[in-house]
Amino acid sequence: MSEKHSDDAVSEVIAFMLIFAMIVVFLASWVIFYVPSEGHNVEIKHDEEVLRQFSDIKTGVDLLWTADRKTSIDRLVSLSPTKGTDISTLLFLSPSLGSGTIKIGGGTSFSFNDTKYNEIIKINGDVHNVSLMRISYTSFNEYSDDFTIVYDGGAVFYGNTEGDQYLLGSPIMGGGKLYLVNVSSPKEEIILGNFPVSVKITYKGASDPIEVYDKKFYNVTSDYFDYWNNNILNTSVTNIQYVTILEYEIDVRVSP
């Protein structure tokens, strides 16, 4: 009887060790293979969500002007993924979530000549100085490549870690007319975190169309100099004759 009990005890120990080893292998495989794959998928979906949110910002800003509504819009921007997939929420081992930064304030700035007074634009002699409204988001992903998306005066740009920049949306222009989204008293604000933030944009009014004499723009300062200077402000390409300044105010806060 003692030998039988001894064999049973050894069998139980071996069975336990085999089960424990299988659990360890499963957990190791989960961490090595599934968690990075799951994290990459979650972050890619979040990147797509931020792109849609910035598209919604551009649409909302343009609609305020076209409808001549001197009011505000609030748009949500998610700084990081809020959750994983349905599978990861059921298990205690799930991917860690990244974070992001949103920055608001003045963007591209330039001057153009004009001798007509306009009360919306601050005048320095006969020069109108323009500071475009900028909203930028930069991701800090754990598993996928980081990216930046920027709203700049009506244009929307997408950039990656390799330094590539892509134009996703253009400012309103046509028929020799250019409409620029300007920001009143540009002040820079930066929020870093892994929570949603609310961007409040208020339309203040539009200038009368301002004739650009000699079709002259100058003092262009921008991270997107090539785009603005060579494609938009290059009047030999766009034939811009009139500029309308759309004045907005912007504020960002953590969403409750």
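(A) Molecular detail of the nonpolar core. Counting residues in hydrophobic clusters, the biggest one holds 30 residues, and the most contacted among them are Val61, Ile102, Met133, Ile135, Ile201 and Tyr248. Among the secondary structure elements, those contributing two or more residues to this core are helix H1 (2-66), strand S1 (72-78), strand S2 (99-113), strand S4 (127-140), strand S5 (147-152), strand S9 (177-183), strand S11 (196-206) and strand S14 (242-254). At 6 residues, the largest contribution of residues to this core is made by H1. Once you skip the residues sitting within four places of it in the chain, Val61 turns out to touch Ile73, Met133, Tyr151, Val181, Ile201 and Tyr248. One finds Val150, Leu178, Val212 and Tyr227 within the second-largest nonpolar core, a separate group that totals 21 residues.

(B) Spatial organisation of the pairing of S11. Of the pairings in the sheet, the one linking S1 to S11 comprises 7 bridges and is antiparallel in character. Bridged to Ile73 within S11 is Ile201. Relative to S14, S11 runs antiparallel, the two sharing 9 bridges. Bridge pairing links Ala206 to Leu246 in S14.

(C) A look at the packing of aromatic side chains. Under the defined criterion, the tally for this structure stands at 8 aromatic pairs. Ring centres 5.0 Å apart and planes at 85° place the aromatic pair Phe157 and Tyr227 in the edge-to-face group. Highlighted residues: Phe157 in strand S6 (residues 155-160) and Tyr227 in helix H3 (residues 225-232), separated in sequence by 70 residues. Of the two residues examined, Phe157 and Tyr227, each falls in the buried class. Seen in terms of ring centroids, Tyr158 and Tyr166 are 6.4 Å apart; in terms of plane orientation they differ by 35°. Their pairing is tilted. Owing to a relative accessible area of 24%, Tyr158 belongs among the partly exposed residues under this scheme.

(D) View of the environment of Asn194. Mapped onto the fold, Asn194 is located in the loop between strand S10 (189-193) and S11. C-alpha of Asn194 to C-alpha of Ser99: the two residues are 95 residues apart in sequence and 4.5 Å apart in space. In this structure Asn194 touches Leu79, Ser80, Gly98 and Ser99, once residues within four positions along its chain are discounted.

(E) Seen up close, the pattern of salt bridges. In the structure shown here, the tally under the stated rule is 8 salt bridges. Arg134 is the salt-bridge partner of Asp152, the closest N and O atoms lying 3.1 Å from each other. With a gap of 18 residues between them, Asp152 in strand S5 and Arg134 in strand S4 connect regions that are remote in the sequence. Under the relative-accessibility criterion, Asp152 is labelled buried at 0%. Given the relative accessible area of 13%, Arg134 is considered buried. A single network of salt bridges, built from pairs that share partners, joins Arg134, Asp152 and Asp223.

(F) Structural detail: unusual backbone geometry. Positioned with a positive phi, Asp68 is a non-glycine residue whose angle comes to about 55°. For Asp68, the location among the structural elements is in the loop between H1 and S1.

(G) Quick peek at the environment of Phe147. Along the polypeptide, Phe147 turns up in strand S5. Among all residues touching Phe147, those that are not within four sequence positions of it are Asp47, Val50, Tyr137, Thr138, Ser139, Tyr158, Gly159 and Asn160.

(H) Layout of the confidence of the model for the chain. On average, residues of the chain carry a pLDDT of 78, and 75% of them reach 70 or more. Least confident of the elements in the chain is strand S3 (residues 123-124), whose mean pLDDT is 43; most confident is S5, at 92. Within the model, the stretch residues 115-125 combines pLDDT values under 50 with 24 contacts to residues more than four positions away or in other chains.

(I) Structural context of the environment of Leu64. Examined against the element boundaries, Leu64 turns out to sit in helix H1. Considering only alpha carbons, one finds Leu64 and Thr202, 138 residues apart in sequence, at a separation of 8.5 Å.

Conventions and cut-offs
- Residues numbered from 1 in each chain as written.
- Predicted model: local features only at pLDDT ≥ 70, side-chain atom pairs only at ≥ 80, totals over all residues.
- Heavy atoms only, no water.
- Core = buried A, V, L, I, M, F, W, Y, C linked by side-chain atoms within 4.5 Å.
- Buried < 20%, exposed > 50% of the residue type's maximum accessible area, 1.4 Å probe, protein only.
- Helix = DSSP H or I, 4+ residues; strand = E, 2+ residues; numbered from the N terminus.
- Contact = heavy atoms within 4.5 Å.
- Pairing = 2+ DSSP bridges.
- Phe/Tyr/Trp six-rings, centres within 6.5 Å; stacked < 30°, edge-to-face > 60°.
- Salt bridge = Lys/Arg side-chain N within 4 Å of Asp/Glu carboxyl O.
- pLDDT = per-residue confidence, 0-100.

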